[in-house]
Amino acid sequence: MSTQAIAQNQQDPWLKRNWNNMIARFNIYFNAEQKLDAAVDDLSTKQKDDFNEVIPIYPYGDETDNKGMRSSMEETMKKASKVIQNKPRSKWADDAYFIIGQTQFFSGDYYAAIETFQFVNSSYTDETIKAMSQLWLMKAYIQQGKLDDAEAIYGLLKKIKFSDKEFNTHLNLSAGDLLVKQNKTAEAIKLLDKGLQRLKDKTLRYRTHFVLGQLNLNSEKFEKANSHFIKVLRMNAPYEYVFQANLGMTKSTAQAGGKGSSKTIKYLKRMLNDDKNIDYYDQIYFELAKLEFNQGNEAVGLDYMRQSAKSATSNTDQQTKTYLYLADYYFGKRNYTAAQAYYDSTVSVISPKYPDGDKIKIKHSVLSKLIENIETIKTQDSLLALSTMDRAVLDKQIEDHIEEEAEKERLAKEEAEIQREQDRINLQNGGGNRRPIPQNNKGTWYFYNASTVSRGTNDFQRLWGNRKHGDFWRFINKSVMKDALDKEDKSDEEANPDTYVSSQDEDQNEAIKDVAAEKRKYYANIPFSATAKLVANKKIQQAYLGTGKIYFDDLKEFVKAKTNFSTLLNRYPSTLYKPEALFYLSKSASELGDSAASASYAKQVADEFPETAFNSVLNSKEIKEDNSDKEVLSLYEAMHSAYKSENFDKVTSIKKQIDQNFAGNSIQGKVDYLFALTIGKTNGKEAYLKELDIVKEAYSGTEIGEMAAYTIRLLNEGDKSTSKSIFSDEKAGLYYYVITGETKNGNEVEIQLGNYNQQFFGAKNLATKSLVFGKKQLIYVKQFENKKLAMAYHKEMKSNTDFLKNAGLSGVSNYAISEANFKLLVKTEKEKEYLQFFNQNYK
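Note that the structure is a prediction, hence the values are computed from the model and not measured.

1. Digging into the overall build of the protein chain
Across its full length, the protein chain carries 38 helices and four strands. Taken across its 843 residues, the protein chain has 47% of its residues classed as buried. Across the protein chain, contacts joining residues at least 24 apart in sequence account for 64% of those joining residues at least 6 apart. Of the roughly 44700 Å² of accessible surface on the protein chain, a fraction of 48% belongs to carbon and sulfur atoms.

Now the structure itself:
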């Protein structure tokens, strides 16, 4: 109860005082407390823990759970508010305010909760409620992630010699929870052990034992870890915790050495025989796989890891771990096809918060491009081979393939029906977002590859539409018929893979005009005409070049890079990509330590392509722009305009056009550097650095290379001058005024500021409050109706800060701030960033 309330209360007759206290407690406060307890108990049953990390001691849920609590918390707040409104002089008013702070806490409004707990602590005299409000203030800071502020509160609380056993128990548990988040494991274990001694709450007991098991396991104190996990098993905890405790014991036993691994494998296999663990098979197989890999049994480990993938449930984190393990395994083995498939599965289920998620996605993107190039080579080679076959033989093979497909479809329908029945029987087992790795194709022949046939069918329908079966099917569209009748020569210029349309190729149409309707989709992509074959061969050339560049730039597989560039030149000696291929062959040879071969390739570039950028770079010559490259210059201008207008898709399209049609031009360095800038705008810092590094290496010794190197240095130094502020310029709405600094007497500063406001702004009815702000004290004045009034206050304050310094405040910063920005500032503590924002936007 506050000092003022005590004085007023003592003036009331004894009967009235006790009557008010009784009504406040049993008619109002009791109902609020019961409502709060019921809601918090319900919250603990909904807790979803991430067992990949050390779980929190208290089951306070996440942001979604907080939103779900708001309705019941508002009801509780209303009940508690009645004590304050109807019985303000009762001794339960402080408890009512404390409950209001808790309702704000469980609603996720930690900022409001902090204000309320600070109010209770500063306004009332009851030692128990003051201590509890500080404890919950510490909890609010922990929930906000402001661990330093929470630690400061704990430093004050542990100095208080307070005999309340429940308070001391929860102080130890909360402080232990804090220290876990600060990675102070040894200290956390001591406090949690201490907190367990008098802890009665069953839920908190099994959670604390489980956390201690995790911490001791991570500290390699295996015997203690097992002791705590066993206690979880004996406490009749929810089965999820029982399973995880069992899993923790198996990890502890395996890591203890000796015969621990073999014992653990046997135990995990027994767990597979328990029907209660069906939903956890993915985790059990994953642990079995890791144990087998650690013992050098790769084949067995792979089999278990695949079983983990097949047993996937709704646990996307476990799916991510399994797929990623397999992806990294195959990547390490340089089996990029299998690696790409598992990275593809990983990316499909990965959480935005998963560690190194961006790196995983970049690796997936690189491998996807690699596999696409490899498949392009296989597909186009297969199609070219089909185009040279005797038509009768080809027709017979297609007929056989159609029959095979019909049989497969029949069997697939039967299997699907069986699977539906099985799913109906085992409905309780659920289903995951399973993405198994594609099976190996039956052969390299085009029609055995379902994905390429499907792609061909889609291309056919895109070009011709969904035609009815019948003769002269290609002439249903009159405009296409006109194209077929307009005879004109096809040149190499028209054999552009990006612009070629088979439906407008008269020779191609002539070759397949008599094909039966049911076989059309199989003939659609086979290149029969000279132009179609030129297009297929250009696709192969581009794919070899792209594959080689990925091996060189991204995977650092210099032998494979060399193989692809050499194959390109051997198959296509006059390819347009010859200077670029020779450039990369020289670079690959240099990386492999073959300086003679590197010099030989460089000389060949100098002799055959002296005016290209590749020669300038290889032979350390500054690139000179050649005005004869008028078309390239025009494209570059368009590319630059697209970049300035942030049309990054167009930038990428023009870059691809220049690379394919104008390799070795005199401004290629500018094109590549501008493309790197585009990557920085669209794909993030890591991809940006990677692209800049490629430019730096490719144009070493030139101005472009130096520009790329300088940009890399700036990024690595953490230059954030161009980054967008997290704060926003609020034109309307409420404003506060903030003063920060270091002081040993925050109350004195707050009093002096209050006196200042009363003297000069008494009519404004301003309130002054304070918060712990990192190592500083934050005092804020609330509130101003708009930005203009706040800035008028700021103008006066700028020339009147001496009284704050005289009150003991040093290192003073002061500024106006919108209500929304204030909440963000308190949460993030990014004062330097806000000051920069304030100076730029508030004049």
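2. A closer look at the packing of aromatic side chains
One pass over the structure, following the stated rule, counts 58 aromatic pairs. The interplanar angle of 90° and the centroid separation of 6.4 Å between the aromatic rings of Phe 98 and Trp 136 together place this pair among those described as edge-to-face. One end of the pair, Phe 98, is in helix α4 (residues 93-106); the other, Trp 136, is in helix α6 (residues 127-144), with 38 residues separating them in the sequence. On the basis of relative accessible area, Trp 136 is assigned to the buried category, the value being 8%.

3. A look at the nonpolar core
Grouped together as the largest cluster of nonpolar side chains are 106 residues, with contacts concentrated most on Phe 106, Met 138, Leu 753, Tyr 793, Met 797, Phe 822 and Tyr 834. Here this core gets 10 residues from one element, more than from any other, and that element is α6. Setting aside residues no more than four positions away along its own chain, Phe 822 makes contact with Tyr 111, Tyr 736, Val 738, Leu 771, Leu 778, Tyr 780 and Ile 817. Formed by 98 residues, the second largest nonpolar core is a distinct cluster that contains Ile 540, Leu 618, Ile 667 and Leu 715.

4. What to know about the pairing of strand β1 (residues 735-742)
Most of β1 sits inside the fold, with seven of its eight residues counted as buried. Pairing between β1 and strand β3 (residues 776-784): seven bridges, direction antiparallel. Residue Gly 741 lies in a different strand from β3, and its bridge partner there is Gln 777.

5. Quick notes on helix α5 (residues 110-123)
A rise of 1.5 Å per residue sets the reference length of α5, with its 14 residues, at 20 Å; its end C-alpha atoms lie 20 Å apart and thus fit the reference within 8%. For α5, the tally of buried residues reaches 10 of 14 residues, placing the bulk of the element in the interior. Taken as a whole, α5 has its buried residues at Tyr 110, Tyr 111, Ala 112, Ala 113, Ile 114, Glu 115, Thr 116, Phe 117, Gln 118 and Val 120.

6. So, the side chain of Gln 319
When you line up the elements, Gln 319 lands in helix α16 (residues 316-332). On the basis of relative accessible area, Gln 319 is assigned to the buried category, the value being 3%. In this structure the side chain of Gln 319 is engaged in a polar contact, spanning 2.8 Å, whose partner is the backbone oxygen of Thr 313.

7. Focus: the packing of α6 against helix α8 (residues 165-181)
Where α6 meets α8, the closest approach of the two axes is 11 Å, and the angle between their N-to-C directions is 20°. One way to sum up the angle between α6 and α8 is to call them roughly parallel. The two elements α6 and α8 meet at a crossing, and its hand is left-handed. Touching Ala 131, Met 132, Leu 135, Met 138, Lys 139 and Ile 142 of α6 are Phe 167, His 170, Leu 171, Ser 174, Ala 175, Leu 178 and Lys 181, all from α8. Tallied by class, residues from the contact of α6 with α8 come to nine nonpolar, two polar and two charged.

8. Points about the pattern of salt bridges
Pairing between side chains of opposite charge can happen when the charged atoms of each approach one another. Using the criterion set out here, one finds 29 salt bridges in the structure. The closest approach of N and O atoms between Glu 287 and Lys 251, which form a salt bridge, is 3.8 Å. Of this pair, Glu 287 sits in helix α14 (residues 281-294) while Lys 251 sits in helix α12 (residues 239-255); the two residues are 36 residues apart in sequence, bridging distant segments of the chain. Assessed through its relative accessible area of 28%, Lys 251 is described here as partly exposed. For the salt bridge of Lys 290 with Glu 287, the shortest nitrogen-to-oxygen distance reads 3.9 Å. In this pair, Lys 290 and Glu 287 both sit in helix α14, three residues apart, roughly one turn of the helix. What you see here is one network of salt bridges that share partners, running through Lys 146, Asp 149 and Glu 829.

9. Overview of the environment of Gln 295
Tracing the backbone through its elements, the reader meets Gln 295 in the loop between α14 and α15 (298-310). For Gln 295, a relative accessible area of 40% puts it in the partly exposed group. Along the primary structure Gln 295 and Ser 262 are separated by 33 residues, whereas in three dimensions their C-alpha atoms are 9.8 Å apart. Excluding anything up to four places from it in sequence, Gln 295 contacts Ser 261, Ser 262 and Ile 265.

10. A closer look at the pairing of β3
With respect to burial, β3 is a largely interior element, seven of its nine residues being buried. Sheet topology places strand β2 (residues 767-773) next to β3; seven bridges connect them, and they run antiparallel. The residue bridging Ser 770 from the neighbouring strand is Ile 779, located in β3. Taking the residues that link successive antiparallel strands as the turn, the β2-β3 hairpin has two residues, and the phi of Gly 774 there is positive, at about 65°.

11. Considerations on the sheet that holds β3
Taken together, four strands build an open sheet; the order of strands is β2-β3-β1-β4 and the sheet is antiparallel. Two strands bound the open sheet, and with one partner strand each, they are β2 and β4 (810-818). Across the sheet, the mean angle separating the axes of adjacent strands is 20° when strand polarity is ignored. Strands β1, β2 and β3 of the sheet are contacted by α5, whose axis makes an angle of about 105° with β2. Packed on one face of the sheet, helix α35 (residues 787-798) meets β1, β3 and β4 and runs near 30° to β1.

12. Notes on the environment of Phe 727
As for its placement among the helices and strands, Phe 727 is situated in the loop between α33 (703-716) and β1. We classify Phe 727 as buried; its relative accessible area is 5%. In this structure, the C-alpha to C-alpha distance between Phe 727 and Glu 833, residues 106 residues apart in sequence, is 8.5 Å. Apart from residues lying up to four places away in sequence, Phe 727 is in contact with Asn 821, Leu 824, Leu 825, Thr 828, Lys 830, Glu 833, Tyr 834 and Phe 837.

13. Side note on unusual backbone geometry
Residue Lys 782 is joined to Gln 783 through a cis peptide bond whose omega torsion reads 0°. Mapped onto the elements of the fold, Gln 783 is located in strand β3. Positioned with a positive phi, Asn 765 is a non-glycine residue whose angle comes to about 55°. With respect to the helices and strands, the residue Asn 765 is situated in the loop between α34 (746-760) and β2. Among the residues examined, Asn 765 registers a relative accessible area of 69% and is labelled exposed. Phi angles above zero are rare outside glycine, and Glu 829 is one such case at about 60°.

14. A short note on empty space enclosed by the protein
Applying the stated criterion to the full structure yields two cavities of 30 Å³ or more. Approximately 40 Å³ is the volume attributed to the second largest cavity. Surrounding the second largest cavity, Asn 496, Pro 497, Lys 538, Gln 542, Tyr 577, Gln 660 and Asn 661 form its lining. Those elements that provide at least two residues to the lining of the second largest cavity are α24 (530-554) and α30 (648-661).

15. Brief notes about the packing of α5 against α6
Interaxial distance between α5 and α6 falls to 8 Å at its minimum, and their mutual angle equals 160°. Taken together, the axis directions place α5 and α6 in an arrangement best described as roughly antiparallel. The interaxial crossing formed by α5 with α6 has left-handed handedness. Only Ile 129, Lys 130, Ser 133, Gln 134, Trp 136, Leu 137, Ala 140, Tyr 141, Gln 143 and Gln 144 of α6 make contact with α5, whose side of the interface consists of Tyr 110, Tyr 111, Ile 114, Phe 117, Gln 118, Val 120 and Asn 121. Its residues placed into classes, the contact of α5 with α6 shows 10 nonpolar, six polar and one charged.

16. Structural notes on the confidence of the model for the protein chain
Low pLDDT marks stretches whose predicted atomic positions should not be read closely. When the pLDDT values of the protein chain are averaged, the result is 81; 83% of them are 70 or greater. Here residues 1-12 scores under 50 on pLDDT; set against residues more than four positions off or in separate chains, the count is 20 contacts. This stretch, residues 458-491, has a pLDDT under 50; its non-local contacts, to residues over four places away or in other chains, come to 47 contacts.

17. Considerations on helix α37 (residues 819-828)
Within the span of α37, buried status applies to Asn 821, Phe 822, Leu 825 and Val 826. Buried residues in α37, looked at end-on, bunch into an arc of 135°, giving them a common side. Buried residues belonging to α37 abut α5, β1, β2, β3, β4 and α38 (831-841). Once α37 ends, the next one or two residues include Glu 829, with phi positive near 60°.

What counts as what
Residues numbered from 1 in each chain as written. Predicted model: local features only at pLDDT ≥ 70, side-chain atom pairs only at ≥ 80, totals over all residues. Heavy atoms only, no water. Helix = DSSP H or I, 4+ residues; strand = E, 2+ residues; numbered from the N terminus. Buried < 20%, exposed > 50% of the residue type's maximum accessible area, 1.4 Å probe, protein only. Contact = heavy atoms within 4.5 Å. Areas by Shrake-Rupley, 256 points an atom, 1.4 Å probe, with all protein chains shown as cover. Phe/Tyr/Trp six-rings, centres within 6.5 Å; stacked < 30°, edge-to-face > 60°. Core = buried A, V, L, I, M, F, W, Y, C linked by side-chain atoms within 4.5 Å. Pairing = 2+ DSSP bridges. Expected span 1.5 Å × (residues − 1). Polar contact = N/O pair within 3.5 Å; in protein donor to acceptor, adjacent residues only side chain to side chain. Axes fitted to C-alpha atoms, helices over the stretch in contact; angles between N-to-C directions. Parallel < 35°, antiparallel > 145°, perpendicular 65-115°, else oblique. Left-handed = near helix turned anticlockwise from the far one by under 90°. Nonpolar A, V, L, I, M, F, W, Y, C, P; charged D, E, K, R; others polar. Salt bridge = Lys/Arg side-chain N within 4 Å of Asp/Glu carboxyl O. 1 Å grid on protein atoms, 1.4 Å probe; cavity = no way out; pocket = protein on both sides within 12 Å on 5 of 7 lines; lining within 4 Å. Points joined across faces, edges and corners; volume = space filled by probe spheres on them. pLDDT = per-residue confidence, 0-100. Arc of directions from axis to C-beta.

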